[in-house]
Amino acid sequence: MTAFGLVFLVALILSTALRLWLGARHIAHVQAHRSAVPPQFASDVTLEAHQKAADYTSAKTRLGLVSAAVDTALVLWLTFGGGVQKLYEAAAGWFDGEIARGLVLIMLVAIVTTLVELPLGLYRTFRIEERFGFNKITPALYWIDFVKNAALAAAFGLPLAACVLWLMDVSGGYWWLYAWLVWVAFNLFVLAIYPTWIAPLFNRFSPMNDPELRDRVEKLLQRCGFRVKGLLVMDGSRRSSHGNAYFTGFGNSKRIVFFDTLLTRLTPQEVEAVLAHELGHFRLRHVVKRIAWIFAASLAFLWLLDFVMHQDWFYAGLNVDARSIAVALVLFFMVVPSFTFLLQPLLSSYSRKHEFEADSYAAQNASASHLVSALVKLYKDNASTLTPDPVHSAFYDSHPPALIRIARLQRSRA
Ligand SMILES: [Zn+2]
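Quantities reported herein were computed from a predicted structural model and do not represent experimental measurements.

Moving on, we get to the nonpolar core. If you look at the biggest cluster of nonpolar residues, it comprises 47 residues, and the most contacted ones within it are Met168, Leu305 and Val327. With 11 residues, helix 12 (residues 325-340) is the single largest residue contributor to this core. Beyond its immediate chain neighbours, meaning those up to four positions away, Leu305 contacts Met168, Trp175, Ala328, Leu329, Phe332 and Phe333. If you look at the next biggest cluster of nonpolar residues, it comprises 41 residues, including Cys224, Phe247, Ala402 and Leu409.

Within this structure, the stated rule accounts for 15 salt bridges. In this structure, the salt-bridge partner of Arg25 is Asp389, at a minimum N-O distance of 2.8 Å. Separated by 364 residues along the polypeptide, Arg25 in helix 1 (residues 3-32) and Asp389 in the loop between helix 14 (368-381) and helix 15 (390-396) bring together distant segments of the chain. With a relative accessible area of 29%, Arg25 lands in the partly exposed category. When its relative accessible area of 2% is taken as the criterion, Asp389 is described as buried. The residue Arg405 makes a salt bridge to Asp359 at a minimum N-O spacing of 2.7 Å. Residue Arg405 is located in helix 16 (residues 402-413), and its partner Asp359 is located in helix 13 (residues 344-365); the two are separated by 46 residues in the primary sequence. Of the two residues examined, Arg405 and Asp359, each falls in the buried class. Salt bridges sharing partners connect three or more residues here, namely Arg216, Arg223 and Glu272.

Looking now at the coordination of the zinc ion. For the zinc ion, the protein coordination sphere consists of His277 (NE2), His281 (NE2), Glu355 (OE) and Glu355 (OE), at 2.0 to 2.8 Å. Here the zinc ion binds 4 donor atoms, and the angle range of 51 to 137° at the metal identifies the geometry as irregular. Counting gaps between the donor residues of the zinc ion yields the pattern H-x3-H-x73-E. Separated by 74 residues along the polypeptide, His281 in helix 9 (residues 268-283) and Glu355 in helix 13 bring together distant segments of the chain. Across this residue pair, the class does not change: His281 and Glu355 are buried.

Counted under the stated rule, the structure contains 21 aromatic pairs. Ring-pair connections join several aromatic residues into one group, and the members of that group are Phe4, Phe307, Trp313, Phe314 and Tyr315. In this arrangement the basic side chain of Lys148 is found over the ring face of Phe202, its NZ or CZ atom lying 5.5 Å from the centre.

What counts and how
- Within every chain, residues take consecutive numbers counted from 1 along the sequence as written.
- Totals for whole chains, interfaces and linings use all residues, but because this is a predicted model, local features are given only for residues with pLDDT of at least 70 and pairs of side-chain atoms are given and counted only at 80 or more.
- Only hydrogens and water are removed before side-chain values are computed, so all heavy atoms of the structure are retained for them.
- The nonpolar core is taken to be a set of buried Ala, Val, Leu, Ile, Met, Phe, Trp, Tyr and Cys residues, with the residues joined through side-chain atoms within 4.5 Å.
- In this scheme, a residue with accessible area under 20% of its type's maximum is buried, one over 50% is exposed, and one in between is partly exposed, where area comes from a 1.4 Å probe on protein chains only.
- Strands are runs of DSSP state E lasting at least two residues, helices are runs of H or I lasting at least four, and both sets are numbered from the N terminus onward.
- By definition, residues are in contact when any of their heavy atoms lie within 4.5 Å.
- Any carboxyl oxygen of Asp or Glu that lies within 4 Å of a side-chain nitrogen of Lys or Arg is treated as forming a salt bridge with it.
- Here a donor is an N, O or S atom found within 2.8 Å of the metal, or within 3.2 Å if the metal is Na, K or Ca; sites may look incomplete because water is not among the atoms.
- A four-donor site is called tetrahedral if each angle lies between 85 and 135 degrees; a four-donor site is square planar, and a six-donor site octahedral, when trans pairs exceed 155 degrees and the remaining angles lie between 65 and 115; all other cases are labelled irregular.
- When two rings of Phe, Tyr or Trp (its six-membered ring) have centres within 6.5 Å they constitute a pair, described as stacked for plane angles under 30 degrees, edge-to-face for angles over 60, and tilted for the intermediate range.
- The criterion for a charge sitting over a ring is simple: Lys NZ or Arg CZ within 6 Å of the ring centre, and within 35 degrees of the ring normal.

What follows is the structure, given as structure tokens:
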């Protein structure tokens, strides 16, 4: 084994061990706090609901442990096990051109990955979500979604991959810069067409009719100086009873989408407070900042890919004989997560900082106490644990733990 192969193997083993350790800690912590509702929630959350949340969290985390092991086994097979080499040889046997071979290789890797992860997805939806009463999707709709997602991935992913491979092939030393521009344009294009072309393939959207709620929401938007194209309700209940609200679109075509499951559970004041939080994310430029970070990071990764694809040790270390741009592309994005996993706590804490900021925006522009009561209902309805393991939470959670988040809101109310 070469030095680079060894470095990658160590990174893969350490990141997998860390994932398993964090998951095991989380389950142990949640189970240790299963017997009592935290005193701050005692009046709102029953012991039964608290225990359901503990068991639901443990079941999801346990599946996450299996998933970590499966992911690692797959990466080991694709690299040291010679999987990428075999798939590339198959592609090379069918096609001549470098780009055609590359596209087939990318498709084969995507198909293998999808098939390996399929049982985990089925188990999550039809065992875990079903057992805890959240699943509303029928097997027929599940497979229809699966086919639609695969068709979309092919329709958008293949032209993008072909374009990037072509740039890598013909445009010389600065291909990574051109590929980055294509990547940025592609992402902006998908963001722009998502609300009108993609989302309606999966859900029905109807205008929000409730006059009292409409009135509240419109007043809030006015107060915050916000203009949107539509207030829509989405039939989220076709798939799951988990509720949510989100923004989509750009500039003046912005829309606000409420899951029907959210509207049936929250009072108009609570919906207003949740929406004020979402408006906060927009007003404080969290969305733009996030997109800017992703674009900056992708430029750095493409530059790094350009560097490693010209190094023999990169291919040799990952047990691949073939020197091909597509092989480099596939290997690179397989190897990178083992090294970037340690950045996860930074990304999570950046996201939690934004959540606190959006909460204070909501406290200023709507009502902190209604946001608290909405959050308590959502924690309860979604069976989110109120007692996460602190280390697991610091590492992964994009949202602050319930106790800390609510304590802050209650202080801002006083
Ligand atoms: Zn938020």
